[in-house]
Each structure stands twice: as C-alpha cells, then as structure tokens.
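Spelled out, the chains give:
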Amino acid sequence: MTKNRSQKQKRARQGQSSDHGQRGPRKSHDDTIRIFGIHTVASAIANPRRELIRLHATPNAQARLVEEILKIGGNPSRIDGLVQTATPKEIDALARDAVHQGVLLVAHNLPALDIADIFDCKLVVILDQVTDPHNVGAIMRSSVALGAEALVMTGRHSPEESGILAKTASGGLDLLSMVSVPNLARALDDLADSGFDVIGFDSEESEPFEQIIAEQDPSRPLALVFGSEGKGMRRLTREKCTALARLDMPGPIKSLNVSNAVAMTLYACMLKRAGLLTPK
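Here the structure is a predicted model, which is why all the values come from computation and not from measurement.

(A) Quick look at unusual backbone geometry. We note that Asp-97 has phi near 65°; this positive angle belongs to a residue other than glycine. Along the chain, the position of Asp-97 falls in the loop between helix H4 (88-94) and strand S4 (103-108). One non-glycine residue, Ser-170, lies in the positive phi region at around 50°. Position of Ser-170 relative to the elements: it lies in the loop between helix H6 (163-169) and strand S7 (177-181).

(B) Spotlight on the pattern of salt bridges. This structure, assessed with the given rule, holds eight salt bridges. One salt bridge in this structure joins Asp-202 and Arg-238, with 2.7 Å as the shortest N-O distance. Of the two residues, Asp-202 is situated in the loop between strand S8 (197-201) and strand S9 (207-208) and Arg-238 in helix H9 (residues 235-240); the sequence distance between them amounts to 36 residues. Counted as one network, the salt bridges with shared partners bring together Arg-50, Glu-161 and Asp-174.

(C) Geometry of the pairing of strand S6 (residues 150-154). Taking burial as the measure, the five residues of S6 include five buried ones, the bulk of the element. Taking every second residue as pointing to the same face, both faces of S6 are buried, with Ala-150, Val-152 and Thr-154 on one and Leu-151 and Met-153 on the other. Taken together, strand S5 (residues 123-128), helix H5 (residues 133-145) and S6 constitute a β-α-β crossover, and its handedness is right-handed. Direction of pairing for S6 relative to S7: parallel, over a ladder of five bridges.

(D) Representation of the nonpolar core within the structure. Counting residues in each nonpolar core, the largest one holds 52 residues, and the members touching the most others are Met-140, Leu-151, Phe-209 and Leu-224. With six residues, helix H10 (residues 258-273) is the single largest residue contributor to this core. In this structure Leu-224 touches Leu-123, Val-124, Val-125, Ile-126, Ile-199, Phe-201, Phe-209, Thr-265, Leu-266 and Cys-269, once residues within four positions along its chain are discounted. With 23 residues, the next largest nonpolar core counts Ile-115, Val-152, Ala-187 and Leu-188 among its residues.

(E) Layout of the packing of H5 against H10. Look at H5 against H10: their axes get within 8 Å of each other, and the N-to-C directions meet at 10°. Here H5 is positioned roughly parallel relative to H10, judged by the angle of their axes. Considering only the axes of H5 and H10, their crossing is right-handed. For the pair formed by H5 and H10, the contact residues are Asn-135, Ala-138, Ile-139, Ser-142 and Ser-143 on the first element and Val-258, Ser-259, Val-262, Ala-263 and Leu-266 on the second.

(F) Main features of the confidence of the model for the chain. Taken residue by residue, the chain gives an average pLDDT of 89. The fraction at 70 or more is 90%. Taken as a whole, residues 1-23 scores under 50 in pLDDT and shows 55 contacts with residues more than four places along the chain or in a different chain.

(G) The arrangement of the sheet that holds strand S11 (residues 243-246) in detail. Taken together, the seven strands give an open sheet; going across it, the order is S7-S6-S5-S10-S8-S11-S9, and neighbouring strands pair in parallel fashion. Of all strands in the sheet, those bounded by a partner on one side alone are S7 and S9. Relative to S6, S5 runs parallel, the two being bridged by four bridges. What sits directly across from Leu-127, in S6, is Met-153. Against the sheet, helix H7 (residues 184-193) makes contact with S5, S6, S7, S8 and strand S10 (222-227), and its axis sits at roughly 165° relative to S5, the strand it touches most.

(H) Layout of the environment of Ile-33. Tracing the backbone through its elements, the reader meets Ile-33 in strand S1 (residues 32-36). According to the relative accessible area criterion, Ile-33 is buried, its value standing at 2%. Separated by 20 residues in the primary sequence, Ile-33 and Ile-53 have C-alpha atoms spaced 9.8 Å apart. Setting aside its immediate chain neighbours within four residues, Ile-33 contacts Arg-50, Leu-105, Val-106, Ala-107, His-108, Asn-109, Glu-161, Ser-162, Gly-163 and Leu-173.

(I) Up close: the sheet that holds strand S3 (residues 83-85). One open sheet accounts for four strands, arranged S1-S4-S2-S3; its pairing is mixed. The open sheet is flanked by S1 and S3, the only strands paired with a single partner. Recorded for the sheet is a direction-independent mean angle of 20° between the axes of neighbouring strands. Two elements, strand S2 (residues 52-57) and S4, share five bridges in a ladder whose sense is antiparallel. Its bridge partner lying in S4, His-56 is registered against Leu-104.

Basis of the calculations
- Residues numbered from 1 in each chain as written.
- Predicted model: local features only at pLDDT ≥ 70, side-chain atom pairs only at ≥ 80, totals over all residues.
- Heavy atoms only, no water.
- Helix = DSSP H or I, 4+ residues; strand = E, 2+ residues; numbered from the N terminus.
- Salt bridge = Lys/Arg side-chain N within 4 Å of Asp/Glu carboxyl O.
- Buried < 20%, exposed > 50% of the residue type's maximum accessible area, 1.4 Å probe, protein only.
- Right-handed = clockwise from strand over helix to strand, strands pointing away.
- Pairing = 2+ DSSP bridges.
- Core = buried A, V, L, I, M, F, W, Y, C linked by side-chain atoms within 4.5 Å.
- Contact = heavy atoms within 4.5 Å.
- Axes fitted to C-alpha atoms, helices over the stretch in contact; angles between N-to-C directions.
- Parallel < 35°, antiparallel > 145°, perpendicular 65-115°, else oblique.
- Left-handed = near helix turned anticlockwise from the far one by under 90°.
- pLDDT = per-residue confidence, 0-100.

In structure tokens:
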C-alpha cells in the first residue's frame, strides 16, 4: 500500500475525510428494515454484520429458510429466540402485500462504511443519482453475480434501504460493500488517487466501451460510473472520470435501462479478466 493511500484511509476512518460517508443505500428513518423472501432473508441472516431483531415466519417457510441459510454457509442458530410464528395473511400485512414467501425479517440497517473501506476492491460500480429502488436492486444483483465487490451511491437522490430494494437485489444488499457519499466528485478523486481507472458512461465525446476495456490494464482496479436515466452523469462527475465510454447498440433501440447497462458492462469486464477480450 502506498503512503498516500495509507494516509487517505487513516484520515477517512478518523472522520476527517471530506467523503466520510454512511453505508449506502440511505438508511430508513427508524434505522430498521423489513426484509422478505426466502433467499433475501437467508442472505441477511447469513451476514454477521446484520443485527437481527425478529423473524415472522410460517412453519413451512421457516423450514425452507433454515435449509437456505445452511446452503449459503450461514448460521441458522442466529434466529434462535427471534422467531414469531405467523400466518401468511399476517405476514401480508407486515410486508404490505409484497411477495414474501412466508418469511419477513425485521433487522437493523447495516453499519456505516467509508469510501476508504473499498480501496482494496478490484471492481466497483458507482451510481450518480440513480433513484429507482427496482433499478438499484437489479444493479446490486448483477454486481454480485458478475464479480463487482462494492457499490457507491450519492448521499442524496438514492433509494433508502428497504424491503423492496432488498427483494429486488435477491440477497445482493447483504453481499456487497456499499457506501453512500455526500460528495461524489471527491469520492472519485479518492478512488483515482488510490489507483483506480474511473470510467464513466456517456453517449457524447466518448469511445466504445469494448475498446476501452480491451486496452485496460487488468492489474489496475476499475470503477464504473453510471448516471441517472434521462439526465445521465452530472457535469462534475463526468469531469472526474479518467475515461468516458459509450455502449453502441446494433439494434433500432440505441439505449438501455441503467440496470441492463451495468450488467452488460460487468459481463464485458468478466470476459476481460478471463483473457477473452484483447485489443485489436
């Protein structure tokens, strides 16, 4: 680790960094979250950093949940003393009629992480004011599936940590390191100073992403920056990127939903790491 990087980590962890953040996505106002669905609840229980409060479950769903916790390497004894047997109708009311598969976990939001906590990651996804929880949840799911280790979001204009977000992420909420930062431009500076190539996606004045990723040094960590749908990246965010890329679509529709764009670029990064993408 370089001296510069070590100093940045020390400042950030002491709360002196201008980018000292909270764990993203934003925490709900009462610092608790209702998580539902077998796979999503199992991932939360298997995460030792997640503080559990109580579990509402039907008897059949509880048995399935224990099997899933064991399957992913978690400790089902964490729910001992927390289970409240419930009917599907009772859980319907708690989950506000969302699809819950017979289980609902009440838990605390995860502890805060700082931008310095992800300096050792190799692949990071960054969202510039992407607000839709379904999109962000889908991005979390794709990020975990395709090898990204962290997700960075803005402190404002990002979705709260919620059951809908967790369910859409299908366990990704408890499997990614996520950071919410008050100043994204400064966070991008910190990542660049720590050795990251910071690639932003913009349709104007940019190169094809497949060309950029084929030429990228795989030994360098990579941060991929995506803007909100419609507005895209903000001007200062764009200026802080070390390169700008575009996704060229061969079909008559020339743009993708942001969650699809993230999945497509992460897949290309996976091919690059496997040695299947090379410069022309």
